[in-house]
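Examination of the molecular architecture
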Amino acid sequence: MTTTKRGRGLLVAVVAVMVCTAATAPATAQEPARAEPVSTVFFGDSYAANFGIAPIFGAWDLNEYYCFRSEENYPAVAARELAERGTTLDVASDRSCGAALLEHFWTTQLLPKGKSKPPQQEALGSETRLVVGTLSGNTLGFVQILQQCSQTFRNLDPVLPGDPVDPGDPAEHCAAFFTTGDGRQWLDSRFKTVEDDLQTLFGNIVERSPAAKAVLVGYPRIVPDNFVKCEIPAPGRKYKPLADIPTDALPVFDSVQERLNDLMRVKADEAGAVFVDLYAVTGDNTACDGDDRGIGGLFETSQVKLLGVPLPWLLHPNTRGRDIQAHHVATAIQHILSA
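These numbers were taken from a predicted model, which means no experiment stands behind them.

Of the consecutive residues Ala54 and Pro55, the connecting peptide bond is found in the cis state with omega at -5 degrees. Here Pro55 lies in the loop between α2 (46–49) and α3 (62–65). Located in the positive-phi region is Leu314, a residue other than glycine, with phi close to 55 degrees. As for its placement among the helices and strands, Leu314 is situated in the loop between β9 (309–312) and α11 (319–338). Assessed through its relative accessible area of 6%, Leu314 is described here as buried.

The following block contains the structure:
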């Protein structure tokens with residue numbers, strides 16, 4: 001039977017009236033087709049692995065365990081949030097691993113006990129459509145900076161590798177060290193390495209997955225504008241959030257973190273990638289924001305244990321901070337896919 005254009009219009013009008021008046025009628029139109037799952041690879045360091053949040057993925061396999069990647073890291077939570085919004089990610093792999101440097105995107109990462117992880121970029125392929133993650137902080141030297149500024153941290157056997165930039169320079173002098181001394185030159189050299197390595201990372205993504213959109217996720221803010229808040233332990237906690245790091249070093253640490261995020265944004269823009277600026281949206285959820293903190297204090301006990309011993313957060317996102325990461329990453333991905 002042939003239906004005229006006018007007849008089709010009348011049929012649509014009748015169906016619309018019946019729906020609006022709650023009349024019951026057989027369905028005459030198919031539901032819109034759901035979008036195909038988006039092939040996605042996550043990469044990154046301990047901020048993408050969400051060190052400190054239990055449970056750890058791969059507790060039965062030391063090659064996985066020593067990455068300290070949470071089963072509930074922000075990639076997993078962001079994927080769930082997107083699914084709830086109607087967008088499905090086909091997560092081909094999550095290669096995030098604690099202590100990863102930028103170079104571990106394309107080189108093997110050595111882990112404790114002789115274990116190792118292959119280059120994170122090996123998960124990429126021609127079918128990959130999204131490449132999302134957080135890398136740069138370890139290449140810059142976050143751990144070395146913390147050890148330079150905290151004598152207590154120097155005295156520990158830290159989970160994350162690294163040494164003070166200059167063990168002979170007292171921790172209480174670290175503000176001057178990084179602003180007027182040899183530490184300033186050291187920082188400049190580290191920023192240059194980050195810049196070069198980010199360029200390599202984006203180039204490798206294009207080479208391996210030319211149809212993929214890259215998303216580089218920045219680091220949440222650790223130190224607030226009001227440094228006085230960092231002099232008060234979080235409720236129920238023993239140590240100040242940044243422990244014995246001198247107060248005059250806090251603005252230095254904050255400026256280093258802001259500079260790193262700015263550099264990550266610039267390199268992402270140059271590569272045609274998307275940058276998720278967490279620093280800009282976490283000023284009220286720093287390590288020093290008490291019950292609202294999204295960052296676990298330097299020596300605050302995390303959810304994870306090693307050989308039965310609780311590990312400190314070491315200034316990584318707690319579950320609140322992880323949820324902030326996940327929400328902004330999910331929003332960025334949804335925007336990309338709907339553009």
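Before going further, it helps to examine the packing of aromatic side chains. Aromatic ring pairs: the centre-centre distance and the angle between the two ring planes describe each pair. Scanning the model with the defined rule gives 13 aromatic pairs in all. For the pair Tyr47 and Tyr219, a centre-to-centre distance of 5.1 Å together with 75 degrees between the ring planes defines the contact as edge-to-face. Within this pair, whereas Tyr47 is found in helix α2, its partner Tyr219 is found in the loop between β6 (213–217) and α10 (250–270), the two being separated by 172 residues in sequence. Here Tyr47 and Tyr219 have matching classes, each one buried. Seen in terms of ring centroids, Phe57 and Trp60 are 5.9 Å apart; in terms of plane orientation they differ by 65 degrees. Their pairing is edge-to-face. Among the residues examined, Trp60 registers a relative accessible area of 67% and is labelled exposed. Among the aromatic residues, those joined into a cluster by ring pairs are Tyr47, Phe142, Tyr219 and Phe253. Stacked on the ring of Phe57, the Lys or Arg Arg69 has its end atom at 4.1 Å from the ring centre. Here the guanidinium or amino end of Arg259 rests over the ring plane of Phe191, the centre of that ring lying 3.8 Å away.

Enumeration over the complete set of coordinates arrives at 16 salt bridges. The closest approach of N and O atoms between Asp196 and Lys192, which form a salt bridge, is 2.9 Å. Taken together, the residues Asp196 and Lys192, both in helix α9 (residues 182–208) and 4 residues apart, mark about one turn of the helix. Classification of Lys192 by relative accessible area gives partly exposed; the value is 42%.

Bridge count between strand β8 (residues 301–306) and β9: 3 bridges; the pairing is antiparallel. Within β9, the residue paired with Thr301 across the bridge is Pro312.

Before going further, it helps to examine the side chain of Ser39. For Ser39, the location among the structural elements is in strand β1 (residues 38–44). In this structure Ser39 comes out as buried when scored by relative accessible area, which is 12%. What Ser39 contacts, discounting residues up to four positions off in sequence, is Asp90, Ala92, Glu127, Thr128, Arg129 and Leu130.

Glancing now at the sheet that holds strand β2 (residues 89–94). If you trace the 5 strands from one edge of the open sheet to the other, you get β2-β1-β5-β6-β7, paired in parallel fashion. A strand with exactly one partner marks an edge of an open sheet, and here the two such strands are β2 and β7 (274–276). Strand-to-strand, the axes of this sheet are offset by a mean angle of 25 degrees, without reference to chain direction. Across 5 bridges, β1 lies against β2 in parallel orientation. Its bridge partner lying in β2, Val41 is registered against Ser93. Along the sheet, α9 makes contact with β1, β5 (130–134) and β6, crossing β6 at roughly 150 degrees.

The next subject is the packing of helix α4 (residues 74–84) against α11. One can describe the packing of α4 onto α11 by two numbers: an axis separation of 8 Å at closest approach and a directional angle of 50 degrees. In terms of orientation, α4 and α11 fall into the oblique class. Viewed along their axes, α4 and α11 form a crossing whose handedness is right-handed. Residue-level inspection shows Tyr74, Val77, Ala78, Glu81 and Leu82 of α4 in contact with α11, the latter providing Arg322, Asp323, Gln325, Ala326, His327, Val329, Ala330, Ile333 and Gln334. Residue classes in the contact of α4 with α11 are distributed as 8 nonpolar, 3 polar and 3 charged.

On to the nonpolar core. Judged by nonpolar contacts, the single largest core of 66 residues is most densely connected at Ile222 and Leu242. When neighbours within four sequence positions are excluded, Ile222 is seen to be in contact with Tyr47, Leu242, Phe253, Gln257, Thr286, Ala287, Cys288, Ile295 and Leu315. Residues Val38, Val217, Leu278 and Ile333 belong to the second largest nonpolar core, which totals 21 residues.

Below, the discussion takes up the environment of Thr319. Looking at where Thr319 falls in the secondary structure, it is placed in helix α11. C-alpha of Thr319 to C-alpha of Ala54: the two residues are 265 residues apart in sequence and 9.6 Å apart in space. Ignoring anything within four residues of it in the chain, the contact list for Thr319 reads Ile53 and Gln303.

Scanning the entire structure with this criterion turns up 3 disulfides. Disulfide pairing is shown between Cys67 and Cys97; the S-S distance is 1.9 Å. Between Cys67 and Cys97, the S-S torsion sits near -85 degrees, and that sign places the bridge as left-handed. Linking Cys67 in the loop between α3 and α4 with Cys97 in the loop between β2 and β3 (109–110), this pair joins segments that are 30 residues apart in sequence. When sorted by exposure, Cys67 lands in the same class as Cys97, which is buried. Sequence-ordered numbering of the bonded cysteines in the protein chain gives a disulfide pattern of 1-2, 3-4, 5-6.

About the criteria used
- Residues numbered from 1 in each chain as written.
- Predicted model: local features only at pLDDT ≥ 70, side-chain atom pairs only at ≥ 80, totals over all residues.
- Heavy atoms only, no water.
- Helix = DSSP H or I, 4+ residues; strand = E, 2+ residues; numbered from the N terminus.
- Buried < 20%, exposed > 50% of the residue type's maximum accessible area, 1.4 Å probe, protein only.
- Phe/Tyr/Trp six-rings, centres within 6.5 Å; stacked < 30°, edge-to-face > 60°.
- Lys NZ or Arg CZ within 6 Å of the ring centre and 35° of its normal.
- Salt bridge = Lys/Arg side-chain N within 4 Å of Asp/Glu carboxyl O.
- Pairing = 2+ DSSP bridges.
- Contact = heavy atoms within 4.5 Å.
- Axes fitted to C-alpha atoms, helices over the stretch in contact; angles between N-to-C directions.
- Parallel < 35°, antiparallel > 145°, perpendicular 65-115°, else oblique.
- Left-handed = near helix turned anticlockwise from the far one by under 90°.
- Nonpolar A, V, L, I, M, F, W, Y, C, P; charged D, E, K, R; others polar.
- Core = buried A, V, L, I, M, F, W, Y, C linked by side-chain atoms within 4.5 Å.
- Disulfide = S-S within 2.5 Å.

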